[in-house]
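Chain by chain, the residues run as shown.
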Amino acid sequence: ISGAGTIGGGGLTLVNDAAGVIDASGVHNALILNTGANTIANAGVIEATGAGGLVIDSTIQNTATGMIELLDGSSMTLNSAAIIGGTLLVGDATHLDLTGVNLSGVTLKTQGSGTIQVTDGSFNGGVVNHADIAVAAGHNLYVKGVLNNAGVISLITDNNGGENGTNIVLTG
């Protein structure tokens, strides 16, 4: 599947098999994945390669082969979504903002100058970080369980020496 538009409309069951590719390749408009309360099953690749970007409004359950990729300077919006398992890759010259996103058992990777910023997100056990992650000024990254960090996690400050409430909160 490639292009732009909406898949799901809030009530579809979506299964992307191991050989499957869902590519948000739209130039002007995003590809929106919205299956409502139904979890998206992903054993293949869900990627954003077009300027229109990818919007994920649903939970994604990846298998060990399941990948979510943000490539070619495109954009991806995760609207309070949960991603379980698999790999989340942010390509060169690309930025991903994880706002209110819950990750469990996910491997995070960046290529080249790709970056990930977290704004009040949570990592719930089994997350492996090979990425450059920045926690937004005045916001929190919640970590429960094990975070295997082989990358860089930075706290962004307000640049005036004051307290700004930027924290990494470790529990359990």
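The coordinates are above.
All figures in this text were calculated on a predicted structure; none of them were measured in a lab.

Along the polypeptide, Ala-24 turns up in strand 4 (residues 21-24). A relative accessible area of 0% means that Ala-24 is categorised as buried. When the C-alpha atoms of Ala-24 and Gly-53 are compared, they prove to be 6.0 Å apart, with 29 residues separating the residues in sequence. Residues contacting Ala-24, with those up to four places away along its chain left out, are Gly-3, Leu-31, Glu-47, Ala-48, Thr-49, Gly-50, Gly-53 and Leu-54.

Here the focus is the sheet that holds strand 7 (residues 45-48). Spatial ordering of the open sheet is given by 1-4-7-10-13-16-19-22, a layout of eight strands whose pairing is parallel. The two strands at the open ends of the sheet, each matched to only one other strand, are strand 1 (2-3) and strand 22 (147-149). Pairing between strand 16 (residues 107-110) and strand 19 (residues 127-130): three bridges, direction parallel. Bridge pairing in strand 19 links Thr-107 to Val-128.

Membership of the largest hydrophobic core comes to 35 residues, with the highest contact counts inside it found for Leu-33 and Leu-108. Dropping the residues within four chain positions of it, Leu-33 is found in contact with Ile-7, Leu-14, Ile-22, Ile-40, Ile-46, Leu-54, Val-55, Ile-56, Asp-57 and Ser-58.

One ladder, built from two bridges, connects strand 1 with strand 4; its direction is parallel. In the strand pairing of strand 4, Gly-3 is matched with Ala-24.

Attention now goes to unusual backbone geometry. Although it is not a glycine, Asp-72 adopts a positive phi angle of roughly 55°. For Asp-72, a relative accessible area of 62% corresponds to the exposed category. Phi is positive for Ala-93, which is not a glycine, with a value near 60°. Overall, the relative accessible area of 57% leaves Ala-93 in the exposed class.

The rules behind these values
Residues numbered from 1 in each chain as written. Predicted model: local features only at pLDDT ≥ 70, side-chain atom pairs only at ≥ 80, totals over all residues. Heavy atoms only, no water. Helix = DSSP H or I, 4+ residues; strand = E, 2+ residues; numbered from the N terminus. Buried < 20%, exposed > 50% of the residue type's maximum accessible area, 1.4 Å probe, protein only. Contact = heavy atoms within 4.5 Å. Pairing = 2+ DSSP bridges. Core = buried A, V, L, I, M, F, W, Y, C linked by side-chain atoms within 4.5 Å.

Purely geometric numbers; function is a separate question.
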